[in-house]
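Fold and contact review
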Amino acid sequence: MNNDANQTLEIVKSGLARRRRRETRFRWYGRIAIFIAMAFLALLLFSILARGISAFQQTYIAVDVYLNPEELAPPTPEHLGKVDFEGLIRQSLRETFPEVTGRRQKRALYRLVSSSAAYELRDWVLQHPDQLGKAVTIWVLAGSDVDMYMKGAVDVSVPEDQRRLKDDQIRWIEQLRQQGRLDLRFNKVFFLNGDSREPEQAGILVAFKGSLYMMIVTLALSFPLGIAAAIYLEEFAPKKNFWVDMVEININNLAAVPSIVFGLLGLAVFLGYFGLPRSTPLVGGLTLTLMTLPTVIIASRAALTAVPPSIREAALGVGASRTQTVFHHVLPLAMPGMLTGAIIGMARALGETAPLLMIGMVAFIVDPPQGLLDPATALPVQIYLWADSPERGFVERTSAAIIVLLVFLGLMNLLAVLLRRRLEKRW
Amino acid sequence: MSTIMNTVEEFVETMEPQGKSVADSEQGYHTVGEFSIAEPRISCRHVNVFYGEKQALFDINLDIGQRQVIALIGPSGCGKSTFLRCLNRMNDIIEGCRVEGKIQLDNQDIYSKDMDPVILRARVGMVFQKPNPFPKSIYDNVAYGPRIHGLASNRTELDEIVETSLKRAGLWKEVRDRLDHPATGLSGGQQQRLCIARAIAVEPEVVLMDEPCSALDPIATATIEQLIDELRERYTIVIVTHSMQQAARVSQRTAYFHLGKLIEVGQTSRIFTNPRHPLTEDYITGRFG
């Protein structure tokens, strides 16, 4: 080794420590960034779960009723519709607490039970006509205040005149609890009901079905349209053509347009011009398709570009036509990427609120939609509506709805991953 | 580089036409050697190729004979690949590429309106520089061409075509037991032979090979070269190569391209022993390239 080489080595060595330090430092920056991101995610999930998990249980209250056959027979829907079940439940409550007198006191007592209890009792009788003439104990929904108290969400140290639940009511609740007449059970109502003014009766079925229908419409329209557009632009359209360039620029710009603008477009075109019914999943899906389409096209084009040109050459080389080349070779290879793009677009559409507000999907809807043309809301809109409500019972339901939305998203992503796996395995 | 340019210019100025072996052209250069032969399979006359404004090939005249191997040699960027891709219109898919002149396959103009590129490419197959099997099974790779052209009416016929093609490509023994395995799992040399099998499965008349061995090791190269020699009995083969030894080993005729011009063409033995043009001589003696 000569002197020059030794010198070079010295110079390199002297700088080596600094280079290593820089590398280590950079690695730590990366780790810290990831840690911060994960911490925020964990915080978000924790706070949502902590607030919302309790909504998956609901307080039920046991009432004893005597099913008087003289009043209730025959147990047909027409006849039972005229029976005063509310009276029966109130009577049962009065019998449980004989010491309660006075109109105010009694009204406070009746509020322990949800207003839907009468319907629950009626439905129960309809299903069990053989129980007529017997004294039965059935479990009905408790009022939201009771539910909140049972979940420990009522602060008893607050002066009585500043809280909804009065001291008397708390005493009764404790009494009922000791008798085993109050119970936290799985909250079916949350999954089977539509919206309601009463928190304990409010559920997400309308929103869930609305979102599901909209996703179906959006997927069925934006995926084939987006892929067809991407294939044409990428594989067939002449390059360096003014009109093709214009189309490309516009698609890229559309992807960046605020979503509420698409809502306005949907309002003007689908509701205004075509006269489609308001607040329906069909219109919501169409509007979200407009919003999703640019994303799907851009992602699909990226997936097509990623297919190596050698595959196209190979297919053309054995005499495949351009269409055959695309459909036999390019498209199958690009499909996993296209699916990812579509799912990203769908996930964005699922979480979208603003355009739906414009087309009237923000309505208060109790009955679940039976089809694409029935009024419905969407999960994010329902969250928005509940988050606006002052009742304590809606706070946990808001978080619970967010959990459902996140699970929905998670399932969609899982489906995408599974589909990708399957498609990729074929090669 | 400028010295080479000067050489070309000087040469062009001093060159005298020598009977039928030299072509006259507007560009004022002449191909040395016998570009024209009797009963050619492919015949190219006055072929000019442009990529947008840039001219890539200048007035190429070349005949390609039946059942023989012609090697196209020359330094990088000389236009030999461009010329090769003209022969099955693979240049069609390149935006802004324009081909002028006349290229005839069995006396039929391949750039005429009546010629469907799909049919042309079935008659003129191609093997590429990098092995590019479809990401499918070995069987499907070979069967793809016959399938889309409808060459087999049933599964048995298709099986036969696949077997014959793989046998001709010298790959049958190695893959016979795993036809349903993915082609991408084969070695580089095997993949390239699979690509050859895929190309000959549609029974082309001509097989174009664009540096088929450049991505392969010497042993795989030797196998492919031997294969080319065998395939010569059935097909006309045009091979682009960077290796002059390869050209000398596999080809009967050799064409030397330089800066988009066809400088010299002739019998391989003659070109390598007695090059007439100084550029050819410089190249094959390794003075540049």
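One structure accompanies this document, and this report is about it. Every chain is numbered independently, its residues counted from 1 as its sequence is written. Written order decides the labels, with chains lettered from A and ligands numbered from 1. Where local features are concerned, this predicted model is filtered to residues with pLDDT of at least 70; where side-chain atom pairs are given and counted, the filter is 80 or more; whole-chain, interface and lining totals use all residues. With hydrogens and water set aside, each side-chain value is computed from the structure's full complement of heavy atoms.

1. Quick notes on the overall build of chain A
Put simply, DSSP H or I for four residues or longer makes a helix, DSSP E for two residues or longer makes a strand, and each gets a number counted from the N terminus. The helix and strand tally for chain A stands at 18 helices and three strands. Taking 22 Å as the expected radius of gyration for a compact globule of 427 residues, we find that chain A reaches 31 Å, considerably beyond that expectation. Counting only C-alpha atoms and orienting by the principal axes, one finds that chain A spans roughly 105 × 65 × 40 Å. Relative to its 427 residues, chain A shows a buried fraction of 42%. We compute the radius of gyration over the C-alpha atoms and compare it with the globule rule, which gives 2.2 Å times the number of residues raised to the power 0.38. The buried label applies to any residue whose accessible area, calculated with a 1.4 Å probe on protein chains only, is under 20% of its type's maximum; exposed applies above 50%, and partly exposed to all values in between.

2. As for the interface of chain A and chain B
Counting residues at the interface gives 18 residues for chain A and 22 residues for chain B. Accessible area, probed at 1.4 Å, shrinks when two parts are joined; the buried area is that loss added up over both. Between chain A and chain B the total buried area reaches about 1800 Å² when both faces are included, carbon and sulfur atoms providing 66% of it. Pairing of N or O atoms within 3.5 Å defines a polar contact, subject to two protein rules: one partner must be a possible hydrogen donor and the other a possible acceptor, and residues neighboring in sequence count only if both atoms are side-chain atoms. Our count for the contact surface shared by chain A and chain B stands at six residue pairs in polar contact (both at pLDDT 80 or more). Put simply, the parts of the chain that give the side of chain A that touches chain B at least two residues each are helix 14 (309–317) and helix 15 (322–350) of chain A. It is helix 14 of chain A that provides the largest number of residues to the side of chain A that touches chain B, a total of seven residues. When residue character is reported, Ala, Val, Leu, Ile, Met, Phe, Trp, Tyr, Cys and Pro are called nonpolar, Asp, Glu, Lys and Arg charged, and the others, Gly included, polar. The residue inventory of the side of chain A that touches chain B, partitioned by class, reads nine nonpolar, seven polar and two charged. Residue contacts follow a heavy-atom distance rule, with two residues in contact if any of their heavy atoms lie within 4.5 Å.

3. Focus on the sheet that holds strand 8 (residues 206–210) of chain B
Residues and elements named next belong to chain B. As summarised here, the arrangement of the seven strands in space is 1-11-10-4-9-8-7, forming an open sheet in which the pairing is mixed. The sheet is open, and its two edges are formed by strand 1 (32–33) and strand 7 (124–127), each paired on a single side. Being paired, for any two strands, means DSSP has found at least two bridges between them. Bridge analysis of strand 4 (residues 69–73) against strand 10 (residues 253–258) gives four bridges, and the strand direction is parallel. By the bridge assignment for strand 10, Ile73 is matched with Tyr256. Note on geometry: axes are lines fitted to C-alpha atoms, helical ones only across the stretch in contact, with angles between N-to-C directions running from 0 to 180 degrees. Across the face of the sheet, helix 7 (residues 188–200) comes into contact with strand 7 and strand 8 while running at roughly 170 degrees to strand 7. Strands strand 4, strand 8 and strand 9 (236–240) of the sheet are contacted by helix 8 (residues 218–231), whose axis makes an angle of about 150 degrees with strand 9.

4. What about the sheet that holds strand 1 (residues 57–66) of chain A?
Strands in a sheet are paired, the pairing made by backbone hydrogen bonds, and the direction either parallel or antiparallel. Residue and element names in this part refer to chain A. An order of 2-1-3 is seen for the three strands of this open sheet, with the pairing classed as antiparallel. The strands lining the two open edges of the sheet, one partner per strand, are strand 2 (135–141) and strand 3 (182–186). Each strand of the sheet is rotated relative to its neighbour by a mean of 40 degrees, with strand direction disregarded. When strand 1 meets strand 3, the two strands line up antiparallel, connected through five bridges. Residue pairing in the sheet places Gln58 in a bridge with Arg185 of strand 3.

5. Topic: the side chain of Arg163(A)
Residues and elements named next belong to chain A. Relative to the helices and strands, Arg163 resides in the loop between helix 7 (144–150) and helix 8 (167–178). A distance of 3.0 Å separates a polar atom in the side chain of Arg163 from a polar atom in the side chain of Asp167. In contact with Arg163, other than residues within four places in its own chain, are Asp155, Val156, Val158 and Ile170.

6. Quick look at the environment of Leu316(A)
Along the chain, the position of Leu316(A) falls in helix 14. A residue is classified by how much of its surface remains accessible, and Leu316(A), at 5% relative accessible area, is buried. As for Leu316(A) and Val217(A), which are separated by 99 residues in sequence, their C-alpha atoms are 36 Å apart. Not counting residues up to four positions away in its chain, the partners in contact with Leu316(A) are Ser321(A), Arg322(A), Thr325(A), Met90(B), Ile93(B) and Arg121(B).

7. Comments concerning the pattern of salt bridges
Salt bridges are identified by distance alone: a Lys or Arg side-chain nitrogen within 4 Å of an Asp or Glu carboxyl oxygen. Scanning all chains against the criterion turns up 32 salt bridges over all chains. Asp140(B) is paired through a salt bridge with Arg147(B); the nearest N and O atoms lie 3.1 Å apart. Relative accessible area serves as the criterion here: at 26%, Asp140(B) is assigned to the partly exposed category. Its relative accessible area of 40% is what places Arg147(B) among the partly exposed residues. What emerges from the salt-bridge pattern is a single network uniting Asp147(A), Lys151(A), Glu396(A) and Arg397(A).

8. Considerations on helix 7 of chain B
Each turn of an α-helix holds 3.6 residues, which means side chains three or four residues apart point in the same direction. All names here are of chain B. In this analysis, the expected span of each helix is defined as 1.5 Å times one less than the number of residues it contains. Taking 1.5 Å as the rise per residue, helix 7 with 13 residues should run 18 Å; its terminal C-alpha atoms sit 19 Å apart, in good agreement. Where burial is concerned, most of helix 7 is hidden: 12 out of the 13 residues are buried. Here helix 7 has its buried residues at Gly189, Gln190, Gln191, Gln192, Arg193, Leu194, Cys195, Ile196, Ala197, Arg198, Ala199 and Ile200.

9. Focus on the environment of Gly65(B)
Residues and elements named next belong to chain B. Following the sequence through the fold, Gly65 ends up in strand 3 (residues 54–65). Along the primary structure Gly65 and Arg253 are separated by 188 residues, whereas in three dimensions their C-alpha atoms are 9.1 Å apart. Other than its neighbours up to four places away in sequence, Gly65 contacts Ile37, Pro40, Arg41, Thr236 and Arg253.

10. With respect to the packing of aromatic side chains
When two rings of Phe, Tyr or Trp (its six-membered ring) have centres within 6.5 Å they constitute a pair, described as stacked for plane angles under 30 degrees, edge-to-face for angles over 60, and tilted for the intermediate range. Tallied over the full model, the rule gives 13 aromatic pairs over all chains. Seen from their ring centres, Phe208(A) and Phe408(A) are 5.2 Å apart, and the 35 degrees between their planes marks the pair as tilted. Residue Phe208(A) is located in helix 10 (residues 205–236), and its partner Phe408(A) is located in helix 18 (residues 392–425); the two are separated by 200 residues in the primary sequence. Taking 5.0 Å as the distance between ring centres and 75 degrees as the angle between the ring planes, the aromatic pair formed by Phe242(A) and Trp243(A) counts as edge-to-face. Judged on exposure class, the residue Phe242(A) and its partner Trp243(A) are both exposed. Clustering of aromatic rings is evident, with ring pairs tying together Phe56(A), Phe186(A), Phe190(A), Phe191(A), Trp386(A) and Phe394(A). The criterion is that NZ of a Lys, or CZ of an Arg, lies within 6 Å of the ring centre and within 35 degrees of the ring normal, and then a charge sits over that ring. Over the face of the ring belonging to Trp139(A) we find Arg185(A), whose NZ or CZ atom lies 4.3 Å from the ring centre. It is Lys261(B) that lies over the ring of Phe58(B); its NZ or CZ is 5.2 Å from the centre.

11. Some remarks on the environment of Lys80(B)
Residue and element names in this part refer to chain B. Relative to the assigned elements, Lys80 resides in helix 2 (residues 80–86). A relative accessible area of 3% places Lys80 in the buried class. For the pair Lys80 and Val206, spaced 126 residues apart in sequence, the C-alpha separation works out to 17 Å. Contacts of Lys80, omitting those with residues within four sequence positions, involve Leu72, Ile73, Gly74, Pro75, Val240, Thr241, His242 and Phe257.

12. Focus on the packing of helix 11 (residues 242–254) of chain A against helix 13 (residues 281–305) of chain A
Residues and elements named next belong to chain A. Running from N to C, helix 11 and helix 13 point in directions that differ by 120 degrees, and their axes come no closer than 8 Å. Viewed along their axes, helix 11 and helix 13 adopt a mutual orientation that is oblique. Between helix 11 and helix 13 the crossing geometry is left-handed. Residues Glu248, Ile251, Asn252 and Leu254 of helix 11 pack against Pro294, Ile297, Ile298 and Arg301 of helix 13. Classifying every residue of the contact of helix 11 with helix 13 gives five nonpolar, one polar and two charged. What sets the label is the angle itself: under 35 degrees gives roughly parallel, over 145 gives roughly antiparallel, 65 to 115 gives roughly perpendicular, and the rest give oblique. Take the far helix as the reference: if the near one is turned anticlockwise from it by less than a right angle, the crossing is left-handed, and if turned clockwise, right-handed.

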